[in-house]
Amino acid sequence: MGLLVLFLMPAILVVVISLVQENVAKTFFETRESIILVDEDHGDVGQSIERDLAGSGIVGVVTTLDGRTADKRSALDAVGCGRYQVCILIPRGLTAALQKKAREAVETTLSWKRDGKGGGVVVPEISVYFDPAVQGSFRGAVLGSLGRITLAVETREEDRALAEVIPQIIRESVERSMGPEIAGAVVRSLPNLNPGLGGVPAIRVRHQVVMSGGMTSPPTSVQQNVPAWALFGMFFIVVPLSESLITERRNGTLMRLLTMPVSTLALVTGKVTAYALVCMAQFTLILLIGKLLLPMLGTPRLDLGSDPLAVFLVALSASLAATGFGLLVGTVARSFEQASMFGSVSVVVAAALGGIMVPAYAMPATMRQISVFSPLAWGLNAFLAIFVRGQGLRGALPGILLLLSFFLMSMLLSGYVLLRRGPSGA
Amino acid sequence: MVSVRGVTKVYRGSATPALKGLDLSVREGEVLGLLGPNGAGKTTAISILTTAMAPTEGQVSIGGLDILKYPIEARSLLGVVPQEIALYPSLTTRENLQYFGRLYGMRGALLRDRIAECLQVVGLQQKADEAVSTYSGGMKRRANLAAGILHSPAILFLDEPTVGIDAQSRGLILERLLHLRDTGTTIIYTTHYMEEAAMLCSSVAIIDEGRKIAEGPPNDLVRDSGGCTNLEGLFFSLTGKHLRD
C-alpha cells in the first residue's frame, strides 16, 4: 500500500498539474470565446475593440449568446455562472461622445474657439465584468489590452479631428486677412491630412524564447512540470523511509541488524540503495507519463533532450539526497508522528521554496534568497538546465554537486545521531 | 567464552550509570541467567555484550576477541534474540529468515536447509509462509528464536524470550533452549521467571541498579543464602519487594 501511494501520488500530481498548467497557458494564449462583447453603441469604438481584441491573440471575443446578440443581462448571467470569463460593455453613445471629446481636445490644444465652453463632453465609461474565479494576472492582461486598444481608438479620433480642424483654422485665418476667394484657393492647395495615420503602430514588439544548446523549439509547460513534480514525488520517500527506520528501532530489528557480522556501512548502503532505486523507479514512471500518457490527454510530449546521461545523474543525485534526508529524519525523529509530520511538511516547504509550485523568479526577493537553500531547487534547476535550457550536463553539474553534498551531510548527521543515541534511539 | 571486565555504561543525559563496573565470566557450554528487577541493567548488558552498544568503560571479549576492536568478527560467533519481536512484520517467517541468513553469509541449499531446520525446531513449518504480523504472541516469540539460532551461533543471547506468551509456546522454547545447552551452545539469558532460570541456568548473576550483587550456580546461591528455600526467595531477599517502575 505504501509503495502504491509512493508511485500513484506523484503520477496523479504530474498528470493533474501538467494539464492545469497547460490549461493556464491556453487560457492566456489559445482559448477562444472567453470574452463577451456587448456593444450598445454600435459605432466605430465597439468595432475597433472587437477587431483589435480578437487580433491580439490574448483572448477570443463573442458577441452572440445562444444564437442571439448578447445584451448586458444575458452577458452578466453568462459571466456570473463562469460560462465566460469577461464581459466588456460598450455603452450607448460612446463613439459620438468620443468624437466630440476628440474634437474638443484638438480645438483646445490648438487654442481655437477659446471663447467656447471646453470640457463639457462626458464620455461614457466602458465597463468590464470578470468572472470571480478569474485570477489577477488574467485580469491584468485583459485590462492592459483593452487600455491599449482604447488609447489607439482615441488617437485615431483625435487624428480625425485634427484633419478636420486644421483646414478650418487656416481657412478662417486667411479669410479674415485676404478674403474668401484666396482662402478657398489656399485651403484647396493644402495636402490632405490622413486621419488613419496613427492606426498603424510604427514600433512593433516581437517576443520569442531564447533557445540555447540543442533546443529546436521553445520549452512547453510539460518540460517544466514533469521534472518538477517528479522531484516532489521522489522526496516523499522521506516519509516511508523514516517510518521504516523508526519501526526497525522500535521492534528491535535494528538491534538484530547491528549484531550481525556486517559493517554498519554495508547496512546503510543496502538501505540507501534500495530506497534510491525506488526513487529512480518513481522518476522513470513520471518520465513515461510525460512521454506517453500526457500527449494522449492533449499536452505536448516530454522531450528528454540530447543528454540522457545528465538526466540520469540528476535523477540519481536527487534520489540519494531524498534517501539521505529520509535517513536523517528517521534517525532524529522519536515517533511515527514526528517523522510523518516533519517529513511531509518539510518536503512541501522545500518544494514551495524550491520553485516547484511557483517559479522562484516570481517569488518576493527574500523568498528567492531562501529558495537557493532548498534541495528541490537544486534538483529543479539542474533538470531545467537540461529539459528547458538545453545546457546538458554542464548546466546541471552545480545542482548535482549540491544534491550529493546534501546526501553526504545527511548521512554524516544520521550516523552521529545514531551513535549518540544507540540502537533503541533513546 | 565470554569475559566482561569493569563494564560501565552511562547514558547521555543520565546522572546515574545503567551499569557500574560489571564483571562476568561465562565458560563454553554454560548457561548464564542475568536476573534483576526492572531497570537493573540487564538489557543494557545484553546490548553491550552483543556489540549493539559501546560501553562507557570496560572490556568485553567473546571467544577471545575484544569486541570493541573486532566487532564484526565477534558478531559471527553470537546469535541474538531481542526482547522485542525483531522481525519484519509484513514479511513471512521464511522471508525474514532468508534475509537475516544472507546477512550471516548463508546462501543456497545451506540457507534453505538451515531455515527448514530452524522452522522445525520452533514448530513453525506449517506457518512459515504466513506474514509474521498474523501470528499469535507465542508464534512470534518462536519465530524470533528461529532468527537468533539460524546460523548456529556459538553463543546465544536471549533477552526475556518467554515474556507474555502461552504456556505451550513457553514450554517449547524452554525445551529447545535445553537442547541447545545440551549440544554445547553457550547461552546468556535474561528473565523475570525464576523457576525458568533455576531449571535452565548453570549459573546466575543477579544485578540491581547496574551492580552485580550475586553470582553462582542457583543451587549454591540458595544453599548459601541462609534461609531462602528457592531462587525466587533469594532474589527478593537481595533486591527487595518494593515495586520498580
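Along each chain, residue indices are assigned from 1 in the same order as the chain's sequence is written. Note on labels: chains are lettered from A, ligands numbered from 1, in written order. Per-residue local features of the predicted model are confined to residues with pLDDT of at least 70, and side-chain atom pairs are confined, for both listing and counting, to 80 or more; whole-chain, interface and lining totals are unaffected and use all residues. To obtain the side-chain values, all non-hydrogen atoms of the structure were used and water was disregarded.

The next point concerns the overall build of chain B. In terms of regular secondary structure, chain B is built from nine helices and ten strands. The atom set for the radius of gyration is the C-alpha atoms, and the globule formula is 2.2 Å times the number of residues raised to the power 0.38. On C-alpha atoms alone, chain B measures out to a radius of gyration of 18 Å, which is about the 18 Å that the 2.2 N^0.38 rule sets for 245 residues. Judged by the C-alpha coordinates and their principal axes, chain B covers about 50 × 40 × 35 Å. The long-range fraction of contacts in chain B, counting pairs at least 24 apart against all pairs at least 6 apart in sequence, stands at 65%. Summed over all atoms, the accessible surface of chain B reaches about 10800 Å², with 49% contributed by carbon and sulfur. By the counting scheme adopted, Arg and Lys are positive, Glu and Asp are negative, and His together with the chain ends is not counted. Note that the charge is assigned to NZ on lysines, CZ on arginines, CG on aspartates and CD on glutamates. Averaged over its 25 positive side-chain charges, chain B has a centre that lies 3 Å from the centre of its 26 negative ones. Secondary structure follows DSSP: runs of H or I at least 4 residues long count as helices, runs of E at least 2 residues long count as strands, and numbering of each begins at the N terminus. Note on definitions: a residue-residue contact is assigned when non-hydrogen atoms from the two residues lie within 4.5 Å. Throughout, the Shrake-Rupley method with a 1.4 Å probe supplies accessible areas, and for residues the shown protein chains are the sole cover considered.

A separate point is the overall build of chain A. The helix and strand tally for chain A stands at 15 helices and six strands. With a 1.4 Å probe rolled over the protein chains alone, any residue whose accessible area is under 20% of its type maximum counts as buried; one over 50% counts as exposed, and the rest are partly exposed. Buried residues in chain A amount to 43% of all 426 residues. When the accessible area of chain A is evaluated, it comes to approximately 22300 Å², of which 63% is carbon and sulfur surface.

Counting residues at the interface gives 20 residues for chain A, matched by 26 residues for chain B. Between chain A and chain B lies a buried interface of about 2000 Å² when both sides are counted; carbon and sulfur atoms form 61% of it. Buried surface area refers to the total accessible area, computed with a probe of radius 1.4 Å, that the two partners give up upon joining, counted for both partners together. Of all residues in chain A, Arg256, Thr259 and Pro261 of chain A bury the most surface against chain B, accounting for 33% of the area lost on that side. Counted as salt bridges are all cases of a side-chain nitrogen of Lys or Arg within 4 Å of a carboxyl oxygen of Asp or Glu. Our count for the chain A to chain B interface comes out at zero salt bridges. Between N or O atoms, a polar contact is any pair within 3.5 Å; within protein, one atom must be a potential hydrogen donor and the other a potential acceptor, and residues adjacent in sequence are included only when both atoms are from side chains. Along the contact surface separating chain A from chain B lie nine residue pairs in polar contact (both at pLDDT 80 or more). With five residues, helix H9 (residues 253-258) of chain A is the largest single contributor of residues to the side of chain A that touches chain B. When residues are sorted by character, Ala, Val, Leu, Ile, Met, Phe, Trp, Tyr, Cys and Pro go into the nonpolar class, Asp, Glu, Lys and Arg into the charged class, and all the rest, Gly among them, into the polar class. The residue inventory of the side of chain A that touches chain B, partitioned by class, reads nine nonpolar, five polar and six charged.

Here, expected helix span is obtained from the residue count minus one, scaled by 1.5 Å. Here helix H7 (residues 221-235) of chain A contains 15 residues, and its C-alpha end-to-end distance of 21 Å stays within 8% of the 21 Å for a straight helix at 1.5 Å per residue. Counting buried positions along H7 of chain A gives 14 out of 15 residues, so the element sits mostly inside the fold.

A word on the nonpolar core. Residues and elements named next belong to chain B. Ranked by size, the top nonpolar core spans 83 residues in total, and within it Leu145, Leu156, Leu177 and Ile188 carry the most contacts. Among the elements that line this core, the one with the most residues is helix H5 (residues 137-149), at six residues. Those residues within four positions of Ile188 in sequence are excluded, and the remaining contacts are Val2, Val26, Leu32, Leu34, Ile46, Leu49, Leu156, Phe157 and Leu158. Only buried residues count toward a nonpolar core, which is a set of Ala, Val, Leu, Ile, Met, Phe, Trp, Tyr and Cys residues joined through side-chain atoms within 4.5 Å.

Residues and elements named next belong to chain A. Taken as a whole and assessed by the stated rule, the structure comprises 16 salt bridges over all chains. Of the charged contacts in the structure, one is a salt bridge between Glu107 and Arg103, with a shortest N-O distance of 3.1 Å. With Glu107 and Arg103 both in helix H4 (residues 94-109), this residue pair falls four residues apart, about one helical turn. Relative accessible area serves as the criterion here: at 22%, Arg103 is assigned to the partly exposed category. Three or more residues are tied together by salt bridges with common partners; here these are Arg103, Glu107 and Glu164.

All names here are of chain A. Strand pairing follows a simple DSSP-based rule, namely that at least 2 bridges must link the two strands. Strands sit in the order S2-S1-S5-S6 across an open sheet of four strands; the sheet is mixed. One side of each edge strand has no neighbouring strand; the edge strands of this open sheet are strand S2 (61-62) and strand S6 (127-130). Bridge analysis of strand S1 (residues 35-39) against S2 gives two bridges, and the strand direction is parallel. Counted as the bridge partner of Ile35 is Val61 from S2.

In this section: the packing of H7 of chain A against helix H14 (residues 375-387) of chain A. Residues and elements named next belong to chain A. Lines fitted to the C-alpha atoms define the axes, with helices restricted to the stretch that makes contact. Angles between their N-to-C directions range from 0 to 180 degrees. It is the contact of H7 with H14, at a shortest axis distance of 9 Å, that shows an interaxial angle of 150°. Put simply, H7 runs roughly antiparallel to H14. H7 and H14 meet at a crossing whose hand is right-handed. Contacts from Gln223, Gln224, Pro227, Ala228, Leu231, Phe232 and Phe235 in H7 reach Pro375, Leu376, Gly379, Leu380, Phe383, Leu384 and Phe387 in H14. Per-class residue counts for the contact of H7 with H14 are eleven nonpolar, three polar and no charged. Should an angle fall under 35 degrees it is called roughly parallel, over 145 degrees roughly antiparallel, and 65 to 115 degrees roughly perpendicular, with every other angle called oblique. Here is the rule for handedness: rotate from the far helix to the near one, and if that takes an anticlockwise turn smaller than a right angle the crossing is left-handed, while a clockwise turn gives right-handed.

Right, let's get into the packing of aromatic side chains. Residues and elements named next belong to chain B. Pairing of aromatic rings covers Phe, Tyr and the six-membered ring of Trp, with a centre-to-centre limit of 6.5 Å; geometry is then stacked below 30 degrees between planes, edge-to-face above 60, and tilted otherwise. In this structure the tally under the stated criterion is eleven aromatic pairs over all chains. Judged by centre distance (5.7 Å) and plane angle (70°), the ring pair of Tyr88 and Tyr99 falls under edge-to-face. In this pair, Tyr88 is assigned in the loop between strand S6 (78-81) and helix H3 (93-103) and Tyr99 in helix H3, connecting sequence segments eleven residues apart. Look at Tyr88 and you get buried, because its relative accessible area is 18%. Judged by centre distance (5.4 Å) and plane angle (55°), the ring pair of Tyr99 and Phe100 falls under tilted.

For helix H11 (residues 308-332) of chain A, with 25 residues, the first-to-last C-alpha span of 36 Å sits near the 36 Å given by 1.5 Å per residue. Across the 25 residues of H11 of chain A, 19 count as buried, placing the element largely inside the fold.

Attention shifts here to a nonpolar patch on the surface. Two joining distances apply to patches: 9 Å for like charges and 5 Å for nonpolar side chains (Val, Leu, Ile, Met, Phe, Trp, Tyr), and every residue must have over 30% relative accessible area and no salt bridge. On the surface, Leu293, Met296 and Leu297 of chain A cluster together into a nonpolar patch covering about 300 Å² of accessible area. Here Met296 of chain A lies in helix H10 (residues 264-296).

All we've got here are geometric facts, nothing functional implied.
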